[in-house]
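# Structure assessment
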Amino acid sequence: MNARRLRLALPWILLAACNGDDGTTRGGESATGTASTTTATASTATTSTATGTASTGESESASATSTSAGTTATSDETTRGTSTTAETTTTTDGTTTTDGATSTSTTTDGSTTDDTTTTTGGAICDPMEVPDTLAFTYATKFDTGIPDKVLQASFYNGDADEVMIMSFSGKARRFDLAGNPLSDVFDVPAEALPKLDGATYDPILGRGLLINQACVLTEVEPQTLAVIESKPLGFGMSICAGLALGLDNNLYIASYGTDEMVVLSRDGMTEVRRVNMITKVTLDGFDGIALIAGSENFLVMSTSPKADAAIIDGFGNVLVPKAPLGQMMAPMIGGAPMLPDAVLTICGNGHAWLCEAYDATCFDYAPEDGDKNACPCLIPG
């Protein structure tokens, strides 16, 4: 696992991002193409440690037409009121400790020590104790009952411990972690349409983030999808097809039309870096991204010309090489969805969900290293 600094725990989720269209072509490729069914032999994924240093050579000039480049909207984002009260206790030997904050303790010999404690309801979270997941194994599948069988976007709401699944044409439904519906089917707001194709969750602001193929970012209330704000992102992206929020609090966007992972600041105003997914990851048709629970790494997918998956870090360094999705190789073992989309991960148990791009079915994959609750460790910033 890459070293991570301790963070104060706030409500969290994990993100999702997605793919797809309604059968029209993307960049010359047909989205209705059949996923590869090549049988792969079982193997163990080779892992490598990312350097964490941005490669300046990864910045690419997008060849596709920019959508409203440079256009911005005023953000009225406000962080939810959460206060931390530091409680200082003096012991009989003269030392002092502070709960929930960094404290300086004076020992009997006059020396001082600094102690940092991160707490969530009294529980201590050490991110170094959460192992990175490098493979997922198929567990089960369920039918969403969403009538528009073009599932393209989803996110895990860590505050409510539930999943939102949405279709390309704008139908939505809430689910518990067993795949049971928590609501009737309802409409996605018009601001996020047409061609909804990605989503994730912001655990700091408690918002759902939706993106469509025109690369318009719409921020919504996570259960009703009531619009908070909406703005075009631009930056030469083309056919935005997936969205994740990293632990660095940056947006990670799948630009399908340029085969790039484009990283923007959380407000969508600044380009941080670009990664060419073909040259860096050998992933053609980049069409989905999700932050992996308990990790700074991302699960990424392609759907055309083949349905492949890989695990990378935020700079595009490969941790688990691409392999056919749903076969016998990491990172996504078994299940074999024909054309996967609406990918998300769940920090409460470490699972990953994929949905069929042209069906109402979703697949649940369990982390190969066992279920884990990583939500207290995963706060961007």
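Before reading on, note that the structure itself is shown above.
Attention in this report is confined to the structure presented alongside it.

Conventions we followed
The residue numbering used here restarts from 1 in each chain and proceeds along that chain's sequence as written. Only residues with pLDDT of 70 or above have their local features reported here, since the model is predicted, and side-chain atom pairs are shown and tallied only from 80 upward, although totals for entire chains, interfaces and linings are computed over all residues. Side-chain numbers here rest on the full set of heavy atoms in the structure, without hydrogens or water. Counting from the N terminus, the helices are DSSP H or I runs at least four residues long and the strands are E runs at least two residues long. Only protein chains enter the area calculation, which uses a 1.4 Å probe; residues under 20% of their type maximum are buried, those over 50% are exposed, and those in between are partly exposed. Two strands are counted as paired when DSSP detects at least two bridges linking them. Axes, fitted as lines to C-alpha atoms, cover a helix only where it is in contact. Angles between the N-to-C directions of the axes lie from 0 to 180 degrees. N or O atoms within 3.5 Å of each other form a polar contact, as long as, within protein, one can give a hydrogen and the other can take it, and as long as residues adjacent in sequence are counted only when both atoms are side-chain atoms. The term salt bridge refers to a pairing of a side-chain nitrogen on Lys or Arg with a carboxyl oxygen on Asp or Glu at a separation within 4 Å.

A few words now on the environment of Leu 205. Structurally, the position occupied by Leu 205 is in the loop between strand S15 (196-202) and strand S16 (207-212). On the basis of relative accessibility, which here comes to 11%, the residue Leu 205 falls in the buried class. C-alpha separation for the pair Leu 205 and Glu 221, spaced 16 residues apart in sequence, amounts to 9.8 Å.

What follows deals with the sheet that holds strand S23 (residues 286-291). Spatially, S23-S24-S25-S26 is the arrangement adopted by the 4 strands of the open sheet, whose pairing is antiparallel. Two strands bound the open sheet, and with one partner strand each, they are S23 and strand S26 (318-324). Across the sheet, the mean angle separating the axes of adjacent strands is 15° when strand polarity is ignored. Inspection of the sheet shows strand S25 (residues 308-312) paired to S26 by 4 bridges, in the antiparallel sense. In the strand pairing of S26, Ile 312 is matched with Val 318.

Negative phi is the rule for most residues except glycine; trans is the rule for most peptide bonds. Each neighbour pair has its own omega, and for Leu 193 with Pro 194 the value is -5°, a cis peptide bond. Along the polypeptide, Pro 194 turns up in the loop between strand S14 (186-187) and S15. Of note, the amide linkage connecting Ser 304 to Pro 305 takes the cis form, showing an omega dihedral of 10°. Inspection of the secondary structure assignment puts Pro 305 in the loop between strand S24 (298-302) and S25. In this model, Leu 225 sits at a positive phi of 65°, which is unusual for a non-glycine residue. With respect to the element layout, Leu 225 can be found in the loop between strand S17 (216-220) and strand S18 (227-232).

Attention now moves to the environment of Asp 267. Along the polypeptide, Asp 267 turns up in the loop between strand S21 (260-265) and strand S22 (271-276). Judged by relative accessible area, Asp 267 falls into the partly exposed class, the value being 32%. Along the chain, Asp 267 and Leu 217 lie 50 residues apart, while their C-alpha atoms are 9.9 Å from each other. A polar contact of 2.6 Å, which involves the side chain of Asp 267, links it to the side chain of Ser 265. A polar contact is formed between the side chain of Asp 267 and the backbone nitrogen of Met 269, at a distance of 2.9 Å.

Per the stated rule, a full pass over the model turns up 10 salt bridges. Between Asp 202 and Arg 266 there is a salt bridge, with the nearest N and O atoms lying 2.8 Å from each other. Taken together, the residues Asp 202 in strand S15 and Arg 266 in the loop between S21 and S22 connect sequence positions 64 residues apart. Residues joined in a network through salt bridges with shared partners are Asp 202, Arg 207, Glu 219, Glu 229 and Arg 266.

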